[in-house]
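Next come the chains, spelled out residue by residue.
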Amino acid sequence: FGETQISSVLAGIINASTPLTTLAVILLAFPEEKPTVERVLGLLIGFLGILVVVGVWEGLGSGEWLGVLECVGAVTCYGIAFPYVRRHLAGLPEGPVALATGQVLCGAAVLLPLGIAAGPLHGPITVEPLMAMLGLGALGSGFAFVLNYQIVREAGASTASTVTYLTPLFAIAVGVAFLGETVVWHEPFGGLVVLLGVAIAQGRARTAAGAVTRRLRGPGQGPKPEVAAD
């Protein structure tokens, strides 16, 4: 519903903030995860990136703001889902196919009354939207969640959530190529700020900086090992 109010480019970039909401939920819900200065700073920078993406200084129409808030709400739900899957579902003996099938069927059961109220009661269902819905459901939800469960099980919730970094790339390419959408400068720039915030929060910026420093020093320029006294 949110994506009917804003462009696919903007929705895709907002979706890339999923690792931030995932990390925030992990810090709040799991006492063993301590909120370090690095993580808090990363979350603040990521939030600043979201403000840059939507261009808060330019203002948006009421419908656009509603779409932005709805997409942010969806991303927050993703942030809750990844840690939940990691703690309660990933360790179950059932495989990713069974888990994804159960999830999609439960979602279909919940949404069925709303679908009937918004669809057949207001007019006939045509083939084109039905095929589009089945395509998105089978690929964007069904097959994608099979892969998602496998990644969460093997690599963890935080790592699995970083798959959303790819979403803006496809959203921008498809939106420009097929929908005639335009990309405003602050959208990709804000997306980069979001990625910087995630990198800082996950400690990747520090790791990358350390690797660059070691390369610049060259061999033999690192700290010398201590020599034991006789």
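Residues numbered from 1 in each chain as written. Predicted model: local features only at pLDDT ≥ 70, side-chain atom pairs only at ≥ 80, totals over all residues. Heavy atoms only, no water.

It is worth spelling out the overall build of the protein chain at this point. Within the protein chain, the secondary structure is distributed over ten helices and zero strands. Mapped in sequence order, the helices and strands of the protein chain form the string α-α-α-α-α-α-α-α-α-α. Taking all 230 residues of the protein chain together, the buried fraction comes to 30%. Pairs at least 24 residues apart make up 83% of the contacts formed inside the protein chain by residues separated by at least 6 positions. A total of about 14,500 Å² of accessible surface is found on the protein chain, and carbon and sulfur atoms cover 71% of it. (Helix = DSSP H or I, 4+ residues; strand = E, 2+ residues; numbered from the N terminus. Buried < 20%, exposed > 50% of the residue type's maximum accessible area, 1.4 Å probe, protein only. Contact = heavy atoms within 4.5 Å. Areas by Shrake-Rupley, 256 points an atom, 1.4 Å probe, with all protein chains shown as cover.)

It is worth spelling out the nonpolar core at this point. Judged by nonpolar contacts, Ile 6, Val 9, Leu 10, Ala 11, Ile 13, Ile 14, Val 53, Val 54, Val 68, Cys 71 and Val 75 together constitute the single largest core of eleven residues. Elements with a contribution of two residues or more to this core: helix 1 (8-15), helix 3 (37-54) and helix 4 (62-89). Take this core: its biggest share by element is five residues, from helix 1. Counting residues in each nonpolar core, the second largest holds nine residues, with Phe 82, Val 85, Ala 90 and Val 152 among its members. (Core = buried A, V, L, I, M, F, W, Y, C linked by side-chain atoms within 4.5 Å.)

Residues Ile 125, Val 127, Leu 130, Met 131, Met 133 and Leu 134 make up a contiguous nonpolar surface patch of roughly 620 Å² in combined accessible area. On the accessibility criterion, Val 127 (62% relative accessible area) is exposed. (Patch = residues over 30% accessible without salt bridge, like charges linked within 9 Å, V, L, I, M, F, W, Y side chains within 5 Å. Salt bridge = Lys/Arg side-chain N within 4 Å of Asp/Glu carboxyl O.)

The next subject is the packing of helix 1 against helix 8 (residues 166-178). When two helices pack together, their arrangement is given by the angle between the helix axes and the distance between those axes. At their nearest, the axes of helix 1 and helix 8 sit 8 Å apart, and the two run at 175° to each other. With respect to their mutual orientation, helix 1 and helix 8 come out roughly antiparallel. In this structure, helix 1 contributes Ser 8, Val 9, Gly 12, Ile 13 and Asn 15 to the contact, and helix 8 contributes Thr 167, Pro 168, Ala 171, Ile 172 and Gly 175. Partitioning the contact of helix 1 with helix 8 into residue classes produces five nonpolar, five polar and no charged. (Axes fitted to C-alpha atoms, helices over the stretch in contact; angles between N-to-C directions. Parallel < 35°, antiparallel > 145°, perpendicular 65-115°, else oblique. Nonpolar A, V, L, I, M, F, W, Y, C, P; charged D, E, K, R; others polar.)

The subject of this paragraph is the confidence of the model for the protein chain. Averaged over the protein chain, the pLDDT score is 80; the fraction of residues at 70 or greater is 89%. Note that pLDDT drops below 50 for residues 225-230; the model gives that stretch zero contacts with residues more than four away or on any other chain. (pLDDT = per-residue confidence, 0-100.)

Moving on: the environment of Leu 169. Counting through the fold element by element, Leu 169 comes out in helix 8. Judged by its relative accessible area of 57%, Leu 169 is exposed. Along the primary structure Leu 169 and Ile 13 are separated by 156 residues, whereas in three dimensions their C-alpha atoms are 8.4 Å apart.

Where helix 5 (residues 96-118) contacts helix 6 (residues 127-155), the two axes come as close as 8 Å, and the packing angle between them is 130°. In terms of their interaxial angle, helix 5 and helix 6 are classed as oblique. As for the relative orientation of helix 5 and helix 6, their crossing is right-handed in sense. Each of Pro 96, Val 97, Leu 99, Ala 100, Gln 103 and Val 104 in helix 5 lies in contact with helix 6, whose residues at this interface are Gly 142, Phe 145, Val 146, Tyr 149, Gln 150 and Arg 153. (Left-handed = near helix turned anticlockwise from the far one by under 90°.)

Attention now goes to the side chain of Thr 21. On the secondary structure map, Thr 21 appears in helix 2 (residues 18-29). Owing to a relative accessible area of 17%, Thr 21 belongs among the buried residues under this scheme. A distance of 2.8 Å separates a polar atom in the side chain of Thr 21 from the backbone oxygen of Thr 18. Setting aside anything within four residues of it in sequence, one finds Thr 21 in contact with Val 75, Thr 76 and Gly 79. (Polar contact = N/O pair within 3.5 Å; in protein donor to acceptor, adjacent residues only side chain to side chain.)

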